[in-house]
Amino acid sequence: MSAASDLFDAARAVMTKAYVPYSKFPVGAALRTADGQIFAGANMEVASYPEGWCAETTMLGHWHMAGGGAIDEIAVVAERMDEITPCGGCRQRLAEFTRPDTKLHLCDQNGVTKTVTMGDILPLGFRADLLK
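What you are looking at is a predicted structure, and each value in this text was computed from that prediction instead of being measured.

Looking at the element boundaries, Thr-115 is found in strand E5 (residues 112-117). Overall, the relative accessible area of 41% leaves Thr-115 in the partly exposed class. Through-space distance from the C-alpha of Thr-115 to that of Ala-47 is 34 Å; in sequence the pair is 68 residues apart. Setting aside its immediate chain neighbours within four residues, Thr-115 contacts Lys-103, Leu-104 and His-105. Of note is the side chain of Thr-115, whose polar atom sits 2.8 Å from the side chain of His-105.

Before going further, it helps to spend a moment on the pattern of salt bridges. When the charged atoms of two side chains lie near each other, side chains of opposite charge can form a pair. Under the defined criterion, the tally for this structure stands at four salt bridges. Across the pair Asp-72 and Arg-99 runs a salt bridge whose closest N-O atoms are separated by 3.9 Å. In this pair, Asp-72 sits in strand E3 (residues 71-78) while Arg-99 sits in the loop between helix H3 (88-97) and strand E4 (103-107), placing the two residues 27 residues apart along the sequence. A relative accessible area of 31% places Asp-72 in the partly exposed class. Through salt bridges with shared partners, a single network forms among Asp-6, Arg-32 and Glu-73.

Bringing the packing of aromatic side chains into the picture now. Applying the stated criterion to the full structure yields one aromatic pair. Where Trp-63 meets Phe-97, the ring centres are 5.0 Å apart and the plane angle is 65 degrees; that geometry is what we call edge-to-face. With a gap of 34 residues between them, Trp-63 in helix H2 (residues 55-65) and Phe-97 in helix H3 connect regions that are remote in the sequence. Take Phe-97: its relative accessible area is 37%, and that puts it in the partly exposed class.

The next subject is the UniProt feature "active site" (unreviewed entry) in the chain. Per the UniProt record, "active site" (unreviewed entry) is annotated on Glu-56. Structurally, Glu-56 can be placed in helix H2. On the basis of relative accessibility, which here comes to 5%, the residue Glu-56 falls in the buried class.

By the secondary structure assignment, Arg-32 is in strand E1 (residues 27-33). Arg-32 gets classed as buried once you look at its relative accessible area, which sits at 13%. With sequence-adjacent residues up to four places away left out, Arg-32 is seen in contact with Ala-3, Ala-4, Asp-6, Leu-7, Gln-37, Ile-38, Ala-70, Ile-71, Asp-72 and Glu-73.

Below, the discussion takes up helix H1 (residues 5-15). Every buried residue of H1 is accounted for by Ser-5, Leu-7, Phe-8, Ala-10, Ala-11, Val-14 and Met-15. Those residues of H1 hidden inside the fold are in contact with E1, strand E2 (38-42), E3, E4 and E5.

Glancing now at the pairing of E1. Counting buried residues in E1 gives seven out of seven residues, a clear majority hidden from the surface. On E1, burial covers both faces: Val-27, Ala-29, Leu-31 and Thr-33 on one face and Gly-28, Ala-30 and Arg-32 on the other are all buried. For E1 and E3, the ladder comprises seven bridges, and the chain directions are antiparallel. Opposite Thr-33, over in E3, you have Ile-71 as the bridge partner. Where E1 meets E2, five bridges bridge the pair, whose relative direction is antiparallel. The residue of E2 that forms the bridge with Leu-31 is Phe-39. Between E1 and E2, which pair antiparallel and follow one another directly, the connecting turn spans four residues, one of which, Gly-36, has a positive phi of 90 degrees.

Here is what the cut-offs are and how they apply
- Residues numbered from 1 in each chain as written.
- Predicted model: local features only at pLDDT ≥ 70, side-chain atom pairs only at ≥ 80, totals over all residues.
- Heavy atoms only, no water.
- Helix = DSSP H or I, 4+ residues; strand = E, 2+ residues; numbered from the N terminus.
- Buried < 20%, exposed > 50% of the residue type's maximum accessible area, 1.4 Å probe, protein only.
- Contact = heavy atoms within 4.5 Å.
- Polar contact = N/O pair within 3.5 Å; in protein donor to acceptor, adjacent residues only side chain to side chain.
- Salt bridge = Lys/Arg side-chain N within 4 Å of Asp/Glu carboxyl O.
- Phe/Tyr/Trp six-rings, centres within 6.5 Å; stacked < 30°, edge-to-face > 60°.
- UniProt positions renumbered as here; feature names shortened; annotations may be inferred.
- Pairing = 2+ DSSP bridges.

Structural data, given as structure tokens:
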């Protein structure tokens, strides 16, 4: 069992709560804070298709409303696609609250298969610290 297996389990469990009547493409995401808390979220669609939100967005909302804190690692899993990565918009959202060395665990249906960093998936990302 990998060190991030509990994040995979949390992402996989919350993926079952995705609301995806149009795409039938459920996704789950979970993060761990520096103090060990885990926050998870699933994607949700609405009939006005671009107005839905991704699993990572839901996850970040739960995390922020609970008080936030340093994010150490993230796991993302999709029911119909192994090693899914956050979309471009979610990469930017995650970059707002993570560091380039924050771990991102990519998963298949059985667990973590690959670990990259936020800097790997968004190497020249626009970060909040650039505005200072």
